[in-house]
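An overview of the molecular structure
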Amino acid sequence: MSKRTPLFAKLFLIFVFSLLTACGTENTTDKTEQQVVQKASVEINSDKTVKDKEKVEPKVEEIGWANLVPPDYDPNTVIDKYLEEMKELQDDDPRASVLYGNIQAELDNAPVNMLLDGKTIKMPGFIAPLENTNGVISEFLLVPYFGACIHTPPPPVNQTVMVKAKQGQGVKSEDANYPVWITGKLKAVEERTTIGAAGYRIENPVIEPYEEN
């Protein structure tokens, strides 16, 4: 005759088994939820780190002088407009200086490329000094060719960048004849100076001697 388990004992065992099962499920669920939370936290922290890094180290776009001209603007249209009249004049003709003045006025009002406004860029160029303190040029126009604004007429406004170096930094006077690399945030802000107009500005840039990549 087999020994039967009392009904109360059976019910108690069922209750305990159900309780253990429920606890096990709850623990597993809690563990799974913790893993999800931890994973989400890692992803958020990782995303925050990437964003913080982007803020500290913005992407630098290397550009050339052609990039400063809006895609839909052709500077040759200004020259073409006066070309026939220029052919008829000699350099010593009084009308020549008036004509050149008209051309320069149009070039000084050439449009800038707003797509570059606010971008951190790196570009090469030559220096046209504006402010020299104790042999260090802290403020200058960055121009596409040597002697611009000094020995030759200034380039168009969209081919000139005003550069203001960090306090205590700049370019030594003896190095002013050599090209440089300028890295910084480009702003589409017009500047008028005694030697020419600039359509862009870069403040507190990194200034390096020019070397071909």
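Notes on the structure in this doc start here. (Residues numbered from 1 in each chain as written. Predicted model: local features only at pLDDT ≥ 70, side-chain atom pairs only at ≥ 80, totals over all residues. Heavy atoms only, no water.)

**Thoughts on the packing of aromatic side chains**
The following threshold applies: The criterion for an aromatic pair is that two Phe, Tyr or Trp rings (for Trp, the six-membered ring) have centres within 6.5 Å, with stacked assigned to planes under 30 degrees apart, edge-to-face to planes over 60 apart and tilted to the rest. A run of H or I in DSSP becomes a helix once it reaches four residues, and a run of E becomes a strand once it reaches two; helices and strands are each numbered from the N terminus. The classification of residues rests on relative accessible area computed with a 1.4 Å probe and restricted to protein chains. Under 20% of the type maximum is buried, over 50% is exposed, and intermediate values are partly exposed. To sit over a ring, a charge needs its Lys NZ or Arg CZ within 6 Å of the ring centre and within 35 degrees of the ring normal.
Following the criterion strictly, the structure yields 2 aromatic pairs and no others. Between Phe126 and Phe146, the ring centres sit 6.1 Å apart and the planes meet at 70 degrees, which makes this aromatic pair edge-to-face. In this pair, Phe126 is assigned in strand β2 (residues 120-133) and Phe146 in the loop between β3 (136-143) and β4 (161-164), connecting sequence segments 20 residues apart. A relative accessible area of 47% places Phe146 in the partly exposed class. Over the ring of Trp181 we find Lys122; its NZ or CZ atom is 4.9 Å from the centre of that ring.

**Here's the deal with helix α3 (residues 94-107)**
The test is simple: In this analysis, the expected span of each helix is defined as 1.5 Å times one less than the number of residues it contains. Whether two residues are in contact is decided by their heavy atoms, any of which lying within 4.5 Å being enough. Polar contacts here mean pairs of N or O atoms no more than 3.5 Å apart (in protein, one a potential hydrogen donor and the other a potential acceptor; neighbouring residues in sequence count only if both atoms are side-chain atoms).
Taking 1.5 Å of rise per residue, 14 residues should cover 20 Å, and α3 covers 21 Å from first to last C-alpha, within 8% of that figure. Summarising the contacts, the buried residues of α3 are in contact with α2 (76-87). You can read the cap of α3 off the contacts: a side-chain oxygen lies 2.9 Å from the backbone nitrogen of Arg95, and it is on Asp93.

**Some thoughts on the nonpolar core**
Put simply, the rule is: As used in this record, nonpolar core signifies buried Ala, Val, Leu, Ile, Met, Phe, Trp, Tyr and Cys residues forming a set joined through side-chain atoms within 4.5 Å.
In this structure, Leu68, Met123, Phe140, Leu142, Val161, Ile182 and Leu186 are the most contacted members of the largest nonpolar core, which totals 19 residues. Listing elements by their share of this core, those giving two or more residues are β2, β3, β4, β6 (180-187) and β9 (200-203). Those residues in contact with Met123 that lie beyond four places of it in its chain are Ile63, Trp65, Leu68, Leu142, Val161, Val180, Trp181 and Ile182. The next biggest cluster of nonpolar side chains, apart from the first, holds 12 residues, and it includes Val69, Tyr73, Ile103 and Ala110.

Limitation: the analysis is restricted to geometry and does not speak to function.
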